[in-house]
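Architecture and fold: a report
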Amino acid sequence: MECTFIIIKPDAVQRGLIGEIVARFERRGLKIVGMKFMQVSEELARKHYAVHEGKPFFNGLIQYIISAPVVAMVLEGTNAITAARNTIGATKPSEAAPGSIRADLGLEIGRNLVHGSDGPDTAASEIALWFGEDLVNWGRATDAWIFE
Ligand code: IDP
Ligand code: MG
C-alpha cells in the first residue's frame, strides 16, 4: 500500500495544533507507520527542500522549518499521497478548499502548517531521508473496515 511523508511544521507545533492535525489524518483512515518529534537541522532542511533552492522564498523557508520542532510522520493507505495532499489543501491557505487543514487553520503561504509529499518518487526519497528503514509495520485493528 502507498506511503506518504508528512511534516507538521513549526507554526502548527507552536500553535498547539499537533493533535488537531494528526486527528484529521487518523480519522480519514490513514495509518501511522512512522512518527517523530524533532528539531530539524539546517542540513536536513536544505536537503528536503533542495528542489526550491534558488527561489526567492528559499532562505525564509529554511529558517521557518528550523525555527521550532516539527512532527515528521509517514502515513500509509490507499492513494495515501493524493488523499493526504487533499486533506492538507492548496499551498496558499487563502485559496485552499474549505475543510482542508490549510484553509481551516491558516492564512499565509509562509505559515501553511503542514508538508505532504507530492508524488511517489518524492514520497520514497523523503521517507528515506527522514526515516531510513525506521518504520513500523503493524496490523491495525480497524484495517478491514477502512481498506476493502
Ligand atoms: P507544497 O508544500 O504545497 O508542496 P511547494 O510549492 O512545494 O508547496 O512549496 C514548499 C513550501 O515552500 C510551501 O509549503 C511553503 O511553506 C513554502 N513556499 C512556497 N512558495 C512560497 C512563497 O511564495 N512564499 C513563502 N513560502 C513559500
Ligand atoms: Mg511541495
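Heads up: these notes are all about the structure in this document. Because the structure is a prediction, the values reported are computed rather than measured. (Residues numbered from 1 in each chain as written. Chains lettered and ligands numbered in written order. Predicted model: local features only at pLDDT ≥ 70, side-chain atom pairs only at ≥ 80, totals over all residues. Heavy atoms only, no water.)

**Observations concerning helix 4 (residues 58-65)**
Just so we agree on the cut-off: Only protein chains enter the area calculation, which uses a 1.4 Å probe; residues under 20% of their type maximum are buried, those over 50% are exposed, and those in between are partly exposed. Secondary structure follows DSSP: runs of H or I at least 4 residues long count as helices, runs of E at least 2 residues long count as strands, and numbering of each begins at the N terminus. Comment: arc refers to directions from the helix axis out to C-beta atoms. Whether two residues are in contact is decided by their heavy atoms, any of which lying within 4.5 Å being enough.
Residues of helix 4 that are buried: Phe58, Leu61, Ile62, Tyr64 and Ile65. One side of helix 4 holds all its buried residues, which, seen down the axis, span an arc of 160 degrees. Buried positions along helix 4 lie against helix 1 (10-14), helix 3 (42-48) and strand 3 (70-77).

**A few points about the pairing of strand 3**
Inclusion rule: Note on pairing: two strands pair once DSSP finds at least 2 bridges between them.
The buried fraction of strand 3 amounts to eight of the eight residues, a majority that puts the element mostly inside the structure. Note that strand 1 (residues 2-8) and strand 3 share seven bridges and pair antiparallel. Residue pairing for strand 3: isoleucine 7 is matched across the bridge by alanine 72. As paired strands, strand 2 (residues 31-38) and strand 3 are joined by seven bridges and run antiparallel to one another. What sits directly across from lysine 31, in strand 3, is glutamate 76.

**A closer look at the sheet that holds strand 1**
The condition is simple: Every axis corresponds to a line fitted to the C-alpha atoms, with the helix fit spanning only the stretch in contact, and the corresponding angles, defined between N-to-C directions, vary from 0 to 180 degrees.
In space, the four strands of this open sheet follow the order 2-3-1-4, with antiparallel pairing throughout. Of all strands in the sheet, those bounded by a partner on one side alone are strand 2 and strand 4 (114-116). For this sheet, the mean angle separating the axes of adjacent strands, direction not counted, is 15 degrees. Judged from the three bridges that link them, strand 1 and strand 4 form a sheet pairing that is antiparallel. By the bridge assignment for strand 4, isoleucine 7 is matched with histidine 115. The strands that helix 5 (residues 80-88) touches are strand 1, strand 3 and strand 4; relative to strand 1, the one it contacts most, it runs at about 30 degrees. Against the sheet, helix 7 (residues 120-131) contacts strand 1, strand 2, strand 3 and strand 4, and its axis sits at roughly 55 degrees relative to strand 1.

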